[in-house]
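Chain by chain, the residues run as shown.
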Amino acid sequence: MSSIYVDHAATTPMVESALLAMTAQLAQLGNPSSLHTHGRATRKTLEDARETLAKEIGSLPSEVIFTASGTEANNIALKGLYWAGREVGKKIVVISSIEHHAILDPAHWLATHEGAEVIEIPVNSDGVINLDFLKDLVKTRGEEIAVISVMHANNETGAIQPVSEVVAIAGEIAVHTDAVQSFKKVPLSFAQLGVTAMSLSAHKIGGPLGIGALILKRGVEIPSLLHGGGQEREIRSGTLNAPSIVAFATAATSSYYNAGAVVGLRDRFISSVQALIPDAVINALAAARLPGIVNVTFPGTQSDTLLLLMDGQHISCSTGSACSAGVHEASHVLLAMGHSEISAQSSLRFSFGATSTASECDFVVSVLPDVIARGRAANLP
Ligand code: PLP
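In short, a report on the structure. Nothing here was measured: the structure is a model prediction, and the numbers come from that model.

Criteria and cut-off values
- Residues numbered from 1 in each chain as written.
- Predicted model: local features only at pLDDT ≥ 70, side-chain atom pairs only at ≥ 80, totals over all residues.
- Heavy atoms only, no water.
- Phe/Tyr/Trp six-rings, centres within 6.5 Å; stacked < 30°, edge-to-face > 60°.
- Helix = DSSP H or I, 4+ residues; strand = E, 2+ residues; numbered from the N terminus.
- Buried < 20%, exposed > 50% of the residue type's maximum accessible area, 1.4 Å probe, protein only.
- Pairing = 2+ DSSP bridges.
- Axes fitted to C-alpha atoms, helices over the stretch in contact; angles between N-to-C directions.
- Left-handed = near helix turned anticlockwise from the far one by under 90°.
- Contact = heavy atoms within 4.5 Å.
- Nonpolar A, V, L, I, M, F, W, Y, C, P; charged D, E, K, R; others polar.
- Arc of directions from axis to C-beta.
- 1 Å grid on protein atoms, 1.4 Å probe; cavity = no way out; pocket = protein on both sides within 12 Å on 5 of 7 lines; lining within 4 Å.
- Points joined across faces, edges and corners; volume = space filled by probe spheres on them.
- Salt bridge = Lys/Arg side-chain N within 4 Å of Asp/Glu carboxyl O.
- Near = heavy atom within 4 Å.
- Polar contact = N/O pair within 3.5 Å; in protein donor to acceptor, adjacent residues only side chain to side chain.
- Areas by Shrake-Rupley, 256 points an atom, 1.4 Å probe, with all protein chains shown as cover.
- Expected span 1.5 Å × (residues − 1).

Quick notes on the packing of aromatic side chains
Two descriptors summarise a pair of aromatic rings, namely the distance from one centre to the other and the angle between the planes of the rings.
Point 1. Enumeration over the complete set of coordinates arrives at two aromatic pairs.
Point 2. Here the aromatic rings of Phe269 and Phe350 are separated by 4.7 Å at their centres, their planes lie at 50°, and the arrangement is tilted. Of this pair, Phe269 sits in helix α9 (residues 259-276) while Phe350 sits in strand β12 (residues 347-351), and the two are 81 residues apart along the sequence.
Point 3. Note on Phe350: relative accessible area 0%, which makes it buried.

Section: the pairing of strand β10 (residues 293-297)
Point 1. In terms of burial, β10 is a largely internal element, five of the five residues being buried.
Point 2. Alternating positions in β10 separate into two faces, Ile293, Asn295 and Thr297 on one and Val294 and Val296 on the other, with burial throughout.
Point 3. Here strand β9 (residues 281-282) runs beside β10; their pairing, made up of two bridges, is antiparallel. From the neighbouring strand, Ile282 faces β10, where its bridge partner is Val296.

Focus on the sheet that holds β12
Point 1. One open sheet holds the three strands; their spatial order is β9-β10-β12, and the pairing between them is antiparallel. Looking at which strands have only one partner, the edges of the open sheet turn out to be β9 and β12.

Quick notes on the packing of helix α3 (residues 70-86) against helix α4 (residues 101-113)
Point 1. It is the contact of α3 with α4, at a shortest axis distance of 9 Å, that shows an interaxial angle of 35°. When the axes of α3 and α4 are compared, the crossing they make is right-handed. Packed against α3, whose contacting residues are Thr71, Asn74, Asn75, Leu78, Lys79, Tyr82 and Trp83, the element α4 presents Ala102, Ile103, Pro106, Ala107, Trp109 and Leu110 at the interface.
Point 2. Classifying every residue of the contact of α3 with α4 by side-chain character gives nine nonpolar, three polar and one charged.

Points about helix α10 (residues 303-312)
Point 1. For α10, the set of buried residues is Ser303, Leu306, Leu309 and Met310. Viewed along the axis of α10, the buried residues span an arc of 120°, placing them on a single side of the element. Away from its buried face by more than 90 degrees, α10 exposes Leu308 and Gly312.
Point 2. Check the buried side of α10 and you find it contacts β11 (315-316), α12 (341-344), β12 and α13 (358-378).

A short note on empty space enclosed by the protein
Point 1. Across all of its chains, the model carries one cavity of 30 Å³ or more by this definition.
Point 2. The computed volume of the largest cavity comes to approximately 110 Å³.
Point 3. For the largest cavity, the lining is made up of 14 residues, of which His8, Ala9, Gln181, Lys185 and Phe352 are closest to its centre.
Point 4. Among the residues making up the lining of the largest cavity, the classes are represented as six nonpolar, six polar and two charged.

Some points on the pattern of salt bridges
Point 1. Under the counting rule described, the total for this entry stands at 15 salt bridges.
Point 2. Of the charged contacts in the structure, one is a salt bridge between Asp7 and Arg349, with a shortest N-O distance of 3.1 Å. Of this pair, Asp7 sits in the loop between β1 (4-5) and α1 (16-26) while Arg349 sits in strand β12; the two residues are 342 residues apart in sequence, bridging distant segments of the chain. Each member of the pair, Asp7 together with Arg349, is buried.
Point 3. For Glu117, the salt bridge goes to Arg141, with nearest N and O atoms at 2.9 Å. Taken as a pair, Glu117 in strand β4 (residues 117-121) and Arg141 in helix α5 (residues 131-141) lie far apart in primary sequence, 24 residues in all.
Point 4. Accessibility expressed as a relative area gives 33% for Glu117, which makes it partly exposed.
Point 5. When salt bridges that share partners are traced, they join Arg43, Glu47, Arg50 and Glu232 into one network.

Considerations on the site of the ligand
Point 1. Taken together, the neighbourhood of the ligand is formed by 13 residues, with Gly70, Thr71, Asp178, Ser201 and Lys204 sitting nearest.
Point 2. Interatomic distance of 3.4 Å between a side-chain N/O atom of His100 and an oxygen atom of the ligand.
Point 3. In the model, an oxygen atom of the ligand is placed 2.7 Å from a nitrogen or oxygen of the Ser201 side chain.
Point 4. In the complex, the protein chains occlude 92% of the 390 Å² of accessible area that the ligand would expose alone.

Focus: helix α8 (residues 242-253)
Point 1. With 12 residues, α8 extends 17 Å between its outermost C-alpha atoms, agreeing within 8% with the 16 Å of an ideal straight helix rising 1.5 Å per residue.
Point 2. Taken across its 12 residues, α8 has 11 buried, putting it largely inside the fold.
Point 3. Of all the residues in α8, the buried ones are Ala242, Pro243, Ser244, Ile245, Val246, Ala247, Phe248, Ala249, Thr250, Ala251 and Ala252.
Point 4. Elements in contact with the buried residues of α8: α1, α2 (37-57), β2 (64-67), β7 (197-201) and β8 (212-216).

Describing the side chain of His176
Point 1. Locating His176 in the fold gives a position in strand β6 (residues 174-178).
Point 2. In this structure the side chain of His176 is engaged in a polar contact, spanning 3.5 Å, whose partner is the side chain of Asn74.
Point 3. Other than its neighbours up to four places away in sequence, His176 contacts Asn74, Ala77, Leu81, Ile103, Ile148, Ser149, Val150, Ala197, Met198 and Ser199.

Some remarks on the sheet that holds β4
Point 1. Taking strand neighbours across the sheet as the criterion, the seven strands line up as β2-β8-β7-β6-β5-β3-β4 in an open arrangement whose pairing is mixed. Strands at the two margins of the open sheet, each flanked by one partner only, are β2 and β4. Taken over all neighbouring pairs, the strand axes of this sheet differ in orientation by 20° on average, direction set aside.
Point 2. Two strands pair when backbone bridges link them, and strand β3 (residues 92-96) and strand β5 (residues 145-149) are joined in this way by four bridges, in the parallel orientation. Among the inter-strand pairings, Val94 is bridged to a residue of β5, identified as Ile148.

Structure (structure tokens):
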């Protein structure tokens, strides 16, 4: 076996049809904002892609705002909805305690630089938000809340969050959801969910890196982060990245991801780990979860050591979110679920994707007992 990739939640290979669409578009000349024939041709291709993506996510085409990443979509949504709320005296930003850093960090930036009060919704031991906490908060301080942001599914544990219930509790308050991990993995419709805004990212679904979308309800106006040519409803200026957008839409329509097959691999992996390493803890096991993500705590180990031992076996997995890997700190997600610093630092995330196979899954399982034993020996005082 050469190298094995079980880090599809960090990024996943491009689907071939998207790669072909992207390379074809790279050869085309024309700024979509230009009025001449070249420009109009690119504009037409782009608007077709917008329509395709809108159909896949259940929104209107005019509700799709292309961005350079999921991170950018999150920043535009959170900061924009906060600033819009602040104009009418609302200064509270509500987020869940398990958000990706692309929500967590802008929220804390709003607190330190823009006068926001940030309130975090706690989660239970399976990593699912406490709706009673939110209900009480909305009842007592609802008038002061500018925005509520709750991710659709968590990137470290895969736990799916009750976003429809959040929308029902929120009433008139703007709700944003980071659906970067959920899009194309579980049924998802912007219109049916009823949120104000939703973030997506292409590279999690077989599209290219560096392209995302903010889906923003028609009629909602928010201040912009980037000023310039006035593209994308004047919310996100910048010449549109036509090749990546075309590839994003192509990936969104491909049937490359088979959720049932990925669930099968995930569950095969979980039962093997439970059989071979009885004290391993599968995190968020009782929650509704995404098909591909498994987060496991191996008591008595250090995740960084395990990651390197796995890498030595040519297996790529993760200590959690790719964006915080490399930073030596316990996962805020696992801490919020009740883990201690020590057990939160003894966990690995394995994520399966469209190209994962049963033999890859079995190979990962086969090396785990030795890796864990060596990880434990290395961790002895
Ligand atoms: N939100 C979640 C839940 C993610 O998992 C990620 C990426 O890991 C992001 C946001 C950031 O998306 P991007 O990599 O497109 O900036």
